Amino acid sequence: MAKRIDVSGLSAYYGSFRAIEDISMTVEPRSVTAFIGPSGCGKSTFLRTLNRMHEVTPGGRVEGKVMLDDENLYAAGIDPVSVRREVGMVFQRPNPFPTMSVYDNVAAGLKLLGSYKKSQLDDIVEKSLRGANLWNEVKDRLNKPGSGLSGGQQQRLCIARAIAVEPNVLLMDEPCSALDPISTLAIEDLIGELKERFTIVIVTHNMQQAARVSDRTAFFNLAAVGQPGKLIEIDDTERIFSNPSVQATEDYISGRFG
Amino acid sequence: MSTVLTDKRPTTLRGASLPKWSPWVIAAGSVAVAVGIGLGAGLDSRIQWGLIAAILYVLGTYAIASMVEGKRQAKDRIATSLVWVAFLLAVVPLASLVWATVERGVKVLDVYFLTHSMGVVGDREPGGGIYHAIIGTLEQVGLATLIAAPIGVLTAIYLVEYGRGNLARAVTFFVDVMTGIPSIVAGLFILSIMLIFEMQPFGFAGSLALAILMMPVVVRSTEEMLKLVPNELREASLALGVPKWRTILKIVLPTAIGGITTGIMLAIARIAGETAPVLLLVFGNPFINNNPFEGAQASLPLYIYQQYSQSAGAEPAYDRAWAASLTLIAFVMILNLLARGIARWKAPKTGR
């Protein structure tokens, strides 16, 4: 299921503004890779280039290569819709579909993609909700609106929705920034379980979180406001937090700037 | 070097305040004074009395409040009193309009009136009804909606979801221009086409003109509703690998459907009362004509107009005109209530 991502020479633009410049990295399958860095350094932009969501923004444009195993996501003839089926995404703010019940939210991806039998859907919904550690909390109210859940439950509902379509990679854009510590812990535990099956990339502002959940950590920085963001270094999380090879990383992690 | 500022703050947080009933007393007082002034100066118009009372109320509130409570509270009270005066100014004409229509309309409004046409009834004789006009209005407005609603909604979807650059700007511009088209001009436009093909008046021609009037309203309201759908929902759906058109169909439209329906209903309400294009294109017909594609038809606003203009002051015709007005208002109101009902029923659910 999980696939390796290999990025080389990637730049992303908003109109004529270059948001990130010349990024190359490898994301290992069945592992958690965390992106850290100051606000505006292009972590989220880079994340969105990994499932071609960047180009959804008006003026969004990408140069470079993103290899998912042996396929370049930006090669001619690649359908962005199929890319997004392979590479799922969880957003910063929980965004369940307001017109749909809990059940329909989880089944949304499948229902909108093709036809499934009711019993098949039931199985997948239960499996995904169990996978997101939400089943026990919502099994009695599957037909209630998804927007009636608490913030943390909504975010886990969004994760369930994302894993229901069985992607190979799961991108998470600050999934815990709108949540309380207990919901955060629930989602961090969940990330630990999900990495057995998926390749996970997570953007976070919380360095303790990066240290807790990730196997590898990438540090992004920008030279100045208005300059494109760059990848400073990527290494094993332990090494980044104990003995980084670049001075800027150490400064950022120890709180000397940013 | 330090300057000493005198601290003007009072030593206590509790200030003097007017009692709760004071606005009512001030209102009653200003009405009484206004009546006095009106009688004394011999002003005939009750409207003048009302306006004097309103001005006295606003000024009196300000004067009394600034004496007792101080400047800031007086400003607050003047704003409140202005809102109340504006509210009354808006409601009084509306209520009197509804009252006048109901009072005069119920005289002849009964089942017979709703189910019979004017077929063999002379303009100045009593009897007859509006069945033919109701049929005409329903068919013309219904057909206009069938044309304008889909085109309008699709245009709005294009503008919000796809439109970039010059084409979208041009479409927006022309929709704005269309909003400003007077109904008689829309009627003349269709009429000129009819004259080219030497056609006689028929119901569907009226529908076409009404559709022209309805379309920009639908586009505008739908556009606003689609813009209210959070971008996050679109992104969530796209990130699941759902194609854009399915995202729009299954996520964006259902989320906005309540507001879109309300917009369409309001647009229908607007065109249901149009007289000018119907007069030009549908012509009016005292007999029942169920076929909107051939022969002249009637419609409610046209019926009202013709009862007034062709009867030379005959009492029965006036009564019929008022009853038809009441029917038209009721029709529009029922549509509005329906729209609200649908909006509430379809609105995104928040319950637990």
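1. Section: the interface of chain A and chain B
Listed per partner, the contact involves 31 residues of chain A and 22 residues of chain B. Both sides together, the interface formed by chain A and chain B hides about 2,300 Å², and carbon and sulfur atoms give 65% of it. The interface formed by chain A and chain B holds two salt bridges in total. Linking chain A with chain B are three residue pairs in polar contact (both at pLDDT 80 or more), by the criterion used here. Contributing elements (two or more residues each) for the side of chain A that touches chain B: α2 (80-86), β6 (87-90), α3 (102-113) and α6 (151-164) of chain A. In terms of residue count, α3(A) provides more of the side of chain A that touches chain B than any other element does, four residues in total. Broken down by class, the residue content of the side of chain A that touches chain B amounts to 17 nonpolar, seven polar and seven charged.

2. Examining helix α12 (residues 300-310) of chain B
Listed as buried for α12(B) are Leu300(B), Pro301(B), Leu302(B), Tyr303(B), Ile304(B), Gln306(B) and Gln307(B). In this fold, the buried residues of α12(B) make contact with α4 (111-115), α5 (131-162), α10 (244-272), α11 (276-281) and α13 (315-346) of chain B.

3. With respect to the side chain of His132(B)
Residues and elements named next belong to chain B. By the secondary structure assignment, histidine 132 is in helix α5. Note on histidine 132: relative accessible area 4%, which makes it buried. Beyond its immediate sequence surroundings of up to four residues, histidine 132 is in contact with His116, Ser117, Met118, Asn285, Pro286, Phe287, Ile288, Ala298 and Tyr303.

4. A short note on the environment of Arg52(A)
Residue and element names in this part refer to chain A. Take arginine 52: it is sitting in the loop between α1 (43-49) and β4 (60-68). Arginine 52 sits 65 residues away from lysine 117 along the chain, and the two C-alpha atoms are 30 Å apart. If we ignore the near neighbours within four places in the chain, the residues touching arginine 52 are Leu73, Tyr74, Ile78, Pro80, Val83 and Arg84. A polar atom in the side chain of arginine 52 sits 3.5 Å from the backbone oxygen of isoleucine 78.

5. As for the domain arrangement of chain B
All names here are of chain B. What the domain assignment lists for chain B is domain 1 (2-105) and domain 2 (131-351). Inter-centroid distance (C-alpha atoms) of domain 1 to domain 2 is 41 Å. Tallying the contact residues gives five residues for domain 1 and five residues for domain 2. Across the domain 1 to domain 2 interface the summed buried area is about 520 Å²; carbon plus sulfur atoms make up 79%. If you sort the residues of domain 1 by the area they bury against domain 2, Thr101, Arg104 and Gly105 come out on top, with a joint share of 79%. Between domain 1 and domain 2 we count zero salt bridges in total. For the side of domain 1 that touches domain 2, the residue count by class is two nonpolar, two polar and one charged.

Analysis parameters
- Residues numbered from 1 in each chain as written.
- Chains lettered and ligands numbered in written order.
- Predicted model: local features only at pLDDT ≥ 70, side-chain atom pairs only at ≥ 80, totals over all residues.
- Heavy atoms only, no water.
- Contact = heavy atoms within 4.5 Å.
- Buried area = accessible area lost by both parts, 1.4 Å probe.
- Salt bridge = Lys/Arg side-chain N within 4 Å of Asp/Glu carboxyl O.
- Polar contact = N/O pair within 3.5 Å; in protein donor to acceptor, adjacent residues only side chain to side chain.
- Helix = DSSP H or I, 4+ residues; strand = E, 2+ residues; numbered from the N terminus.
- Nonpolar A, V, L, I, M, F, W, Y, C, P; charged D, E, K, R; others polar.
- Buried < 20%, exposed > 50% of the residue type's maximum accessible area, 1.4 Å probe, protein only.
- Domains from an automatic or database assignment.

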